[in-house]
Amino acid sequence: MTVSLTSSTTSTGVIPSNLVSFQSTEQFHGAVREQLAQDIEVLFAYAKLPSPLVDACRYVMTGQGKLVRPLMVASAFASINSSNNERTDELNDDIDTLDADLDTLLENDSDYDMSRRAALAVELLHTYSLVHDDLPCMDDDELRRGQPTAHIAFDEATALLAGDVLQTLAFEVLTAEMPTFAPFDATIASQLMAIFAPRARRMVSGQMLDLNAEASANIAQDNLEAIHRDKTGALIEAAMLMGGVCAGATAPQRMALQECAQHIGLAFQVQDDVLDVTMTTYTLGKPAGSDEKLDKSTYVKLMGVDNATSYAQSLFNDGRAAISHELHSREFSDNEYAVGTDNDALLALIEWLWSRKK
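Residues numbered from 1 in each chain as written. Predicted model: local features only at pLDDT ≥ 70, side-chain atom pairs only at ≥ 80, totals over all residues. Heavy atoms only, no water.

Draft legend 1. Broad picture of helix α5 (residues 110-133). Here α5 contains 24 residues, and its C-alpha end-to-end distance of 35 Å stays within 8% of the 34 Å for a straight helix at 1.5 Å per residue. Of all 24 residues in α5, 22 are buried, a share of seventy percent or more. (Helix = DSSP H or I, 4+ residues; strand = E, 2+ residues; numbered from the N terminus. Expected span 1.5 Å × (residues − 1). Buried < 20%, exposed > 50% of the residue type's maximum accessible area, 1.4 Å probe, protein only.)

Below is the structure:
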(Lines give C-alpha, C1' and ligand atoms only; values in the text may rest on other atoms or scores of the structure.)
Protein backbone atom coordinates (compact mmCIF):
# COMPACT_ATOMS: atom_id res chain seq x y z
CA MET A 1 0.00 0.00 0.00
CA THR A 2 1.30 3.48 -0.89
CA VAL A 3 -0.21 6.71 0.36
CA SER A 4 1.01 9.98 -1.12
CA LEU A 5 1.38 12.69 1.49
CA THR A 6 2.65 16.23 1.48
CA SER A 7 3.53 16.38 5.16
CA SER A 8 5.40 13.98 7.43
CA THR A 9 3.42 14.81 10.56
CA THR A 10 -0.15 14.94 11.81
CA SER A 11 -1.76 15.91 15.07
CA THR A 12 -1.12 12.38 16.35
CA GLY A 13 2.61 12.41 15.61
CA VAL A 14 4.92 11.37 12.83
CA ILE A 15 3.18 9.42 10.09
CA PRO A 16 4.19 5.73 10.15
CA SER A 17 6.93 4.81 7.73
CA ASN A 18 4.71 2.17 6.15
CA LEU A 19 2.27 4.91 5.12
CA VAL A 20 4.91 7.11 3.52
CA SER A 21 6.47 6.58 0.10
CA PHE A 22 10.25 6.42 0.52
CA GLN A 23 11.46 9.66 -1.05
CA SER A 24 15.01 10.07 0.23
CA THR A 25 17.34 8.84 2.94
CA GLU A 26 17.31 12.26 4.57
CA GLN A 27 13.51 12.47 4.61
CA PHE A 28 13.07 8.97 5.99
CA HIS A 29 15.76 9.27 8.66
CA GLY A 30 14.40 12.66 9.70
CA ALA A 31 10.92 11.19 10.22
CA VAL A 32 12.33 8.28 12.25
CA ARG A 33 14.41 10.59 14.44
CA GLU A 34 11.42 12.90 15.02
CA GLN A 35 9.23 9.98 16.04
CA LEU A 36 11.92 8.58 18.34
CA ALA A 37 12.41 11.94 20.05
CA GLN A 38 8.66 12.12 20.76
CA ASP A 39 8.59 8.55 22.03
CA ILE A 40 11.54 9.11 24.38
CA GLU A 41 9.64 11.94 26.09
CA VAL A 42 6.49 9.80 26.32
CA LEU A 43 8.56 7.02 27.91
CA PHE A 44 10.17 9.25 30.53
CA ALA A 45 6.80 10.77 31.44
CA TYR A 46 5.47 7.23 31.87
CA ALA A 47 8.47 5.99 33.92
CA LYS A 48 8.35 8.82 36.50
CA LEU A 49 12.03 8.56 37.42
CA PRO A 50 13.35 10.79 40.24
CA SER A 51 15.91 13.53 39.70
CA PRO A 52 18.75 13.58 38.90
CA LEU A 53 18.22 10.10 37.39
CA VAL A 54 15.64 11.27 34.84
CA ASP A 55 17.85 14.23 33.95
CA ALA A 56 20.82 11.97 33.29
CA CYS A 57 18.67 9.58 31.24
CA ARG A 58 17.26 12.38 29.13
CA TYR A 59 20.76 13.83 28.71
CA VAL A 60 22.24 10.65 27.26
CA MET A 61 19.17 9.69 25.23
CA THR A 62 18.80 13.06 23.49
CA GLY A 63 22.43 13.74 22.53
CA GLN A 64 23.63 13.98 18.95
CA GLY A 65 23.87 10.26 18.33
CA LYS A 66 23.68 8.60 14.92
CA LEU A 67 20.70 6.49 16.06
CA VAL A 68 21.87 3.67 13.79
CA ARG A 69 19.99 0.90 15.59
CA PRO A 70 16.52 2.52 15.68
CA LEU A 71 17.07 3.49 12.04
CA MET A 72 17.74 -0.19 11.36
CA VAL A 73 14.48 -1.18 13.04
CA ALA A 74 12.52 1.39 11.04
CA SER A 75 14.32 0.63 7.76
CA ALA A 76 13.83 -3.13 8.07
CA PHE A 77 10.17 -2.56 8.96
CA ALA A 78 9.61 -0.24 5.98
CA SER A 79 11.49 -2.45 3.51
CA ILE A 80 9.84 -5.73 4.48
CA ASN A 81 6.44 -4.05 4.61
CA SER A 82 6.95 -2.51 1.18
CA SER A 83 8.32 -5.73 -0.29
CA ASN A 84 5.41 -7.79 1.01
CA ASN A 85 2.89 -5.25 -0.26
CA GLU A 86 4.53 -5.28 -3.69
CA ARG A 87 4.33 -9.06 -3.81
CA THR A 88 0.68 -8.97 -2.78
CA ASP A 89 -0.04 -6.44 -5.52
CA GLU A 90 1.73 -8.64 -8.07
CA LEU A 91 -0.52 -11.56 -7.10
CA ASN A 92 -3.65 -9.42 -6.98
CA ASP A 93 -3.44 -6.93 -9.81
CA ASP A 94 -7.11 -6.12 -9.39
CA ILE A 95 -6.88 -5.31 -5.67
CA ASP A 96 -8.76 -2.17 -4.74
CA THR A 97 -6.82 0.80 -3.44
CA LEU A 98 -7.37 1.13 0.28
CA ASP A 99 -9.46 4.23 0.91
CA ALA A 100 -9.43 4.93 4.62
CA ASP A 101 -9.27 7.90 6.88
CA LEU A 102 -5.63 8.59 7.74
CA ASP A 103 -6.32 9.23 11.42
CA THR A 104 -8.01 5.83 11.70
CA LEU A 105 -4.99 4.18 10.09
CA LEU A 106 -2.69 5.91 12.56
CA GLU A 107 -4.77 4.96 15.58
CA ASN A 108 -5.00 1.28 14.65
CA ASP A 109 -1.64 0.56 13.12
CA SER A 110 -0.43 -1.66 15.97
CA ASP A 111 2.32 -3.26 13.85
CA TYR A 112 3.87 0.15 13.31
CA ASP A 113 3.54 0.95 17.01
CA MET A 114 5.33 -2.30 17.84
CA SER A 115 8.16 -1.15 15.58
CA ARG A 116 8.24 2.13 17.53
CA ARG A 117 8.59 0.09 20.73
CA ALA A 118 11.38 -1.97 19.15
CA ALA A 119 13.23 1.15 17.99
CA LEU A 120 13.03 2.57 21.51
CA ALA A 121 14.20 -0.71 23.01
CA VAL A 122 17.36 -1.01 20.93
CA GLU A 123 18.30 2.64 21.47
CA LEU A 124 17.76 2.35 25.22
CA LEU A 125 19.95 -0.75 25.40
CA HIS A 126 22.64 0.74 23.18
CA THR A 127 22.75 3.98 25.18
CA TYR A 128 22.99 2.08 28.47
CA SER A 129 26.02 0.24 27.08
CA LEU A 130 27.67 3.53 26.10
CA VAL A 131 27.08 5.07 29.53
CA HIS A 132 28.68 2.07 31.23
CA ASP A 133 31.52 1.81 28.68
CA ASP A 134 32.49 5.41 29.44
CA LEU A 135 32.72 4.91 33.24
CA PRO A 136 36.14 5.18 34.94
CA CYS A 137 36.11 1.43 35.64
CA MET A 138 35.77 0.73 31.89
CA ASP A 139 37.14 3.03 29.16
CA ASP A 140 37.14 6.19 31.34
CA ASP A 141 36.10 8.51 28.50
CA GLU A 142 35.09 12.14 28.96
CA LEU A 143 33.32 12.81 25.65
CA ARG A 144 30.45 11.00 23.96
CA ARG A 145 28.16 12.16 21.15
CA GLY A 146 29.84 15.55 21.21
CA GLN A 147 29.14 16.27 24.87
CA PRO A 148 30.65 15.36 28.28
CA THR A 149 29.94 11.77 29.27
CA ALA A 150 27.25 11.07 31.88
CA HIS A 151 29.63 10.57 34.80
CA ILE A 152 31.29 13.90 33.98
CA ALA A 153 28.05 15.84 33.48
CA PHE A 154 26.47 14.34 36.61
CA ASP A 155 28.49 11.96 38.79
CA GLU A 156 29.61 8.35 38.66
CA ALA A 157 26.79 6.95 40.80
CA THR A 158 24.09 8.71 38.80
CA ALA A 159 25.65 7.56 35.52
CA LEU A 160 25.78 3.98 36.75
CA LEU A 161 22.11 4.06 37.78
CA ALA A 162 21.13 5.77 34.52
CA GLY A 163 22.66 2.88 32.60
CA ASP A 164 20.89 0.41 34.87
CA VAL A 165 17.44 1.92 34.40
CA LEU A 166 17.86 2.38 30.64
CA GLN A 167 18.59 -1.34 30.40
CA THR A 168 15.45 -2.27 32.33
CA LEU A 169 13.31 0.19 30.34
CA ALA A 170 14.58 -1.41 27.12
CA PHE A 171 12.61 -4.53 27.99
CA GLU A 172 9.69 -2.85 29.75
CA VAL A 173 8.92 -0.64 26.74
CA LEU A 174 7.96 -3.64 24.60
CA THR A 175 4.77 -4.17 26.64
CA ALA A 176 4.27 -0.95 28.64
CA GLU A 177 0.87 0.77 28.51
CA MET A 178 2.00 4.21 27.32
CA PRO A 179 0.08 7.16 25.87
CA THR A 180 0.27 7.58 22.06
CA PHE A 181 0.98 3.85 21.61
CA ALA A 182 -1.59 1.28 20.57
CA PRO A 183 -1.94 -1.62 23.04
CA PHE A 184 0.95 -4.01 22.55
CA ASP A 185 0.49 -7.07 20.37
CA ALA A 186 1.25 -10.06 22.61
CA THR A 187 2.28 -12.34 19.73
CA ILE A 188 4.70 -9.81 18.26
CA ALA A 189 5.96 -8.81 21.73
CA SER A 190 6.88 -12.40 22.58
CA GLN A 191 8.78 -12.74 19.29
CA LEU A 192 10.59 -9.46 19.90
CA MET A 193 11.60 -10.58 23.40
CA ALA A 194 12.92 -13.89 22.05
CA ILE A 195 15.10 -11.96 19.59
CA PHE A 196 16.13 -9.16 21.93
CA ALA A 197 17.01 -10.85 25.23
CA PRO A 198 19.72 -13.28 24.03
CA ARG A 199 21.34 -10.61 21.88
CA ALA A 200 21.39 -8.21 24.83
CA ARG A 201 23.22 -10.91 26.77
CA ARG A 202 25.62 -11.47 23.87
CA MET A 203 26.42 -7.75 23.77
CA VAL A 204 27.59 -7.86 27.39
CA SER A 205 29.55 -11.07 26.82
CA GLY A 206 31.25 -9.44 23.85
CA GLN A 207 32.26 -6.50 26.01
CA MET A 208 33.89 -8.88 28.50
CA LEU A 209 35.74 -10.66 25.70
CA ASP A 210 36.89 -7.27 24.42
CA LEU A 211 38.27 -6.36 27.83
CA ASN A 212 40.04 -9.72 28.03
CA ALA A 213 41.57 -9.14 24.60
CA GLU A 214 43.24 -5.92 25.76
CA ALA A 215 45.74 -8.06 27.63
CA SER A 216 46.36 -10.31 24.62
CA ALA A 217 49.04 -9.63 22.04
CA ASN A 218 48.60 -10.46 18.34
CA ILE A 219 45.00 -11.64 18.53
CA ALA A 220 43.94 -13.58 15.45
CA GLN A 221 41.33 -12.15 13.08
CA ASP A 222 38.89 -14.99 13.79
CA ASN A 223 39.04 -14.26 17.52
CA LEU A 224 38.65 -10.52 16.94
CA GLU A 225 35.60 -11.12 14.77
CA ALA A 226 34.09 -13.43 17.37
CA ILE A 227 34.30 -10.59 19.90
CA HIS A 228 32.64 -8.06 17.64
CA ARG A 229 29.91 -10.35 16.37
CA ASP A 230 28.69 -10.22 19.96
CA LYS A 231 29.80 -6.82 21.23
CA THR A 232 28.62 -4.81 18.20
CA GLY A 233 26.87 -7.24 15.89
CA ALA A 234 24.36 -8.79 18.27
CA LEU A 235 22.33 -5.62 18.80
CA ILE A 236 22.46 -4.82 15.08
CA GLU A 237 21.05 -8.30 14.45
CA ALA A 238 18.32 -7.61 16.98
CA ALA A 239 17.43 -4.28 15.39
CA MET A 240 17.00 -5.64 11.87
CA LEU A 241 15.16 -8.76 12.97
CA MET A 242 12.82 -6.86 15.29
CA GLY A 243 11.91 -4.42 12.53
CA GLY A 244 11.26 -7.32 10.18
CA VAL A 245 9.11 -9.20 12.70
CA CYS A 246 6.93 -6.13 13.25
CA ALA A 247 6.34 -5.99 9.48
CA GLY A 248 5.39 -9.67 9.30
CA ALA A 249 8.63 -10.96 7.77
CA THR A 250 8.50 -14.47 6.37
CA ALA A 251 10.98 -17.13 7.49
CA PRO A 252 13.19 -16.59 4.40
CA GLN A 253 13.06 -12.83 4.96
CA ARG A 254 14.14 -13.26 8.60
CA MET A 255 17.03 -15.45 7.52
CA ALA A 256 18.07 -12.84 4.95
CA LEU A 257 17.80 -10.04 7.54
CA GLN A 258 19.96 -11.99 9.98
CA GLU A 259 22.60 -12.70 7.34
CA CYS A 260 22.57 -9.06 6.25
CA ALA A 261 22.86 -7.88 9.85
CA GLN A 262 25.80 -10.18 10.55
CA HIS A 263 27.74 -8.67 7.65
CA ILE A 264 26.74 -5.10 8.46
CA GLY A 265 27.45 -5.49 12.17
CA LEU A 266 31.00 -6.60 11.49
CA ALA A 267 31.46 -3.97 8.78
CA PHE A 268 30.30 -1.29 11.22
CA GLN A 269 32.97 -2.29 13.75
CA VAL A 270 35.76 -2.48 11.15
CA GLN A 271 34.69 0.95 9.91
CA ASP A 272 34.69 2.31 13.48
CA ASP A 273 38.29 1.13 13.91
CA VAL A 274 39.28 2.96 10.72
CA LEU A 275 37.45 6.16 11.68
CA ASP A 276 39.12 6.12 15.11
CA VAL A 277 42.51 6.72 13.46
CA THR A 278 41.47 8.78 10.42
CA MET A 279 38.95 11.28 11.85
CA THR A 280 39.24 14.06 14.44
CA THR A 281 37.65 14.18 17.88
CA TYR A 282 35.43 17.03 16.66
CA THR A 283 34.10 14.95 13.76
CA LEU A 284 33.65 11.77 15.79
CA GLY A 285 32.03 13.44 18.80
CA LYS A 286 34.21 11.22 21.01
CA PRO A 287 37.98 11.05 21.60
CA ALA A 288 39.86 10.09 18.44
CA GLY A 289 42.67 7.58 18.90
CA SER A 290 41.06 6.08 21.99
CA ASP A 291 41.59 2.51 20.73
CA GLU A 292 45.34 3.03 20.59
CA LYS A 293 45.32 4.79 23.96
CA LEU A 294 43.60 1.77 25.53
CA ASP A 295 45.77 -0.67 23.54
CA LYS A 296 42.66 -2.32 22.11
CA SER A 297 42.82 -5.05 19.50
CA THR A 298 41.51 -3.51 16.28
CA TYR A 299 41.27 -4.32 12.59
CA VAL A 300 43.55 -1.37 11.82
CA LYS A 301 46.21 -2.79 14.12
CA LEU A 302 45.68 -6.22 12.57
CA MET A 303 45.64 -5.32 8.85
CA GLY A 304 46.35 -1.61 8.40
CA VAL A 305 44.02 1.24 7.37
CA ASP A 306 43.80 0.45 3.65
CA ASN A 307 43.15 -3.26 4.05
CA ALA A 308 40.66 -2.65 6.87
CA THR A 309 38.80 -0.16 4.67
CA SER A 310 38.65 -2.65 1.82
CA TYR A 311 37.46 -5.35 4.19
CA ALA A 312 34.68 -3.09 5.49
CA GLN A 313 33.56 -2.36 1.93
CA SER A 314 33.42 -6.06 1.07
CA LEU A 315 31.31 -6.71 4.18
CA PHE A 316 28.90 -3.92 3.26
CA ASN A 317 28.60 -5.40 -0.24
CA ASP A 318 27.87 -8.83 1.26
CA GLY A 319 25.20 -7.27 3.47
CA ARG A 320 23.48 -5.67 0.48
CA ALA A 321 23.60 -8.90 -1.46
CA ALA A 322 22.15 -10.91 1.44
CA ILE A 323 18.96 -8.88 1.65
CA SER A 324 18.45 -7.57 -1.89
CA HIS A 325 17.06 -10.75 -3.40
CA GLU A 326 14.46 -11.16 -0.64
CA LEU A 327 13.39 -7.54 -0.96
CA HIS A 328 13.12 -7.39 -4.72
CA SER A 329 12.94 -11.01 -5.94
CA ARG A 330 16.03 -10.61 -8.09
CA GLU A 331 19.70 -11.44 -7.80
CA PHE A 332 22.12 -8.74 -6.71
CA SER A 333 25.25 -8.27 -8.77
CA ASP A 334 28.49 -7.15 -7.17
CA ASN A 335 28.71 -4.52 -9.89
CA GLU A 336 25.32 -3.03 -8.94
CA TYR A 337 26.81 -1.03 -6.08
CA ALA A 338 23.77 1.14 -5.39
CA VAL A 339 20.90 -0.78 -6.99
CA GLY A 340 17.63 -0.23 -5.19
CA THR A 341 18.85 2.45 -2.79
CA ASP A 342 16.71 5.14 -4.43
CA ASN A 343 13.46 3.61 -3.19
CA ASP A 344 14.32 1.09 -0.47
CA ALA A 345 14.85 2.17 3.13
CA LEU A 346 17.13 -0.69 4.22
CA LEU A 347 19.43 -0.60 1.20
CA ALA A 348 19.59 3.19 1.51
CA LEU A 349 20.57 2.82 5.17
CA ILE A 350 23.41 0.46 4.26
CA GLU A 351 24.63 2.98 1.69
CA TRP A 352 24.41 5.76 4.29
CA LEU A 353 26.38 3.70 6.80
CA TRP A 354 29.15 3.03 4.28
CA SER A 355 29.55 6.76 3.61
CA ARG A 356 29.53 7.86 7.28
CA LYS A 357 32.41 9.82 8.80
CA LYS A 358 31.60 9.32 12.50
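Draft legend 2. Region of the structure containing the packing of helix α8 (residues 186-213) against helix α10 (residues 233-246). At a closest axis distance of 8 Å, the pairing of α8 and α10 adopts a crossing angle of 175°. On the basis of their axis angle, the class for α8 and α10 is roughly antiparallel. Here Ile188, Gln191, Leu192, Ile195, Phe196, Arg199, Arg202 and Met203 of α8 come into contact with α10, specifically with Ala234, Leu235, Glu237, Ala238, Leu241, Met242, Val245 and Cys246. Split by residue class, the contact of α8 with α10 holds 12 nonpolar, one polar and three charged. (Axes fitted to C-alpha atoms, helices over the stretch in contact; angles between N-to-C directions. Parallel < 35°, antiparallel > 145°, perpendicular 65-115°, else oblique. Contact = heavy atoms within 4.5 Å. Nonpolar A, V, L, I, M, F, W, Y, C, P; charged D, E, K, R; others polar.)

Draft legend 3. Here's a closer look at the confidence of the model for the protein chain. Within the protein chain, residue pLDDT values average 83, and 81% of them lie at 70 or more. Of all secondary-structure elements in the protein chain, the lowest mean pLDDT belongs to strand β1 (residues 9-10), at 36, while helix α7 (residues 156-172) reaches the highest, 98. The low-confidence segment residues 1-15, where pLDDT is below 50, has 34 contacts with residues more than four positions distant or belonging to other chains. (pLDDT = per-residue confidence, 0-100.)

Draft legend 4. Quick look at the packing of helix α1 (residues 25-47) against α7. Packing of α1 against α7 leaves a shortest axis separation of 12 Å and a crossing angle of 105°. Classified by the interaxial angle, the pair formed by α1 and α7 is roughly perpendicular. Where α1 approaches α7, its residues Leu43, Phe44, Tyr46 and Ala47 are matched on the opposing element by Leu166, Leu169 and Glu172. Of the residues in the contact of α1 with α7, the class split is six nonpolar, no polar and one charged.

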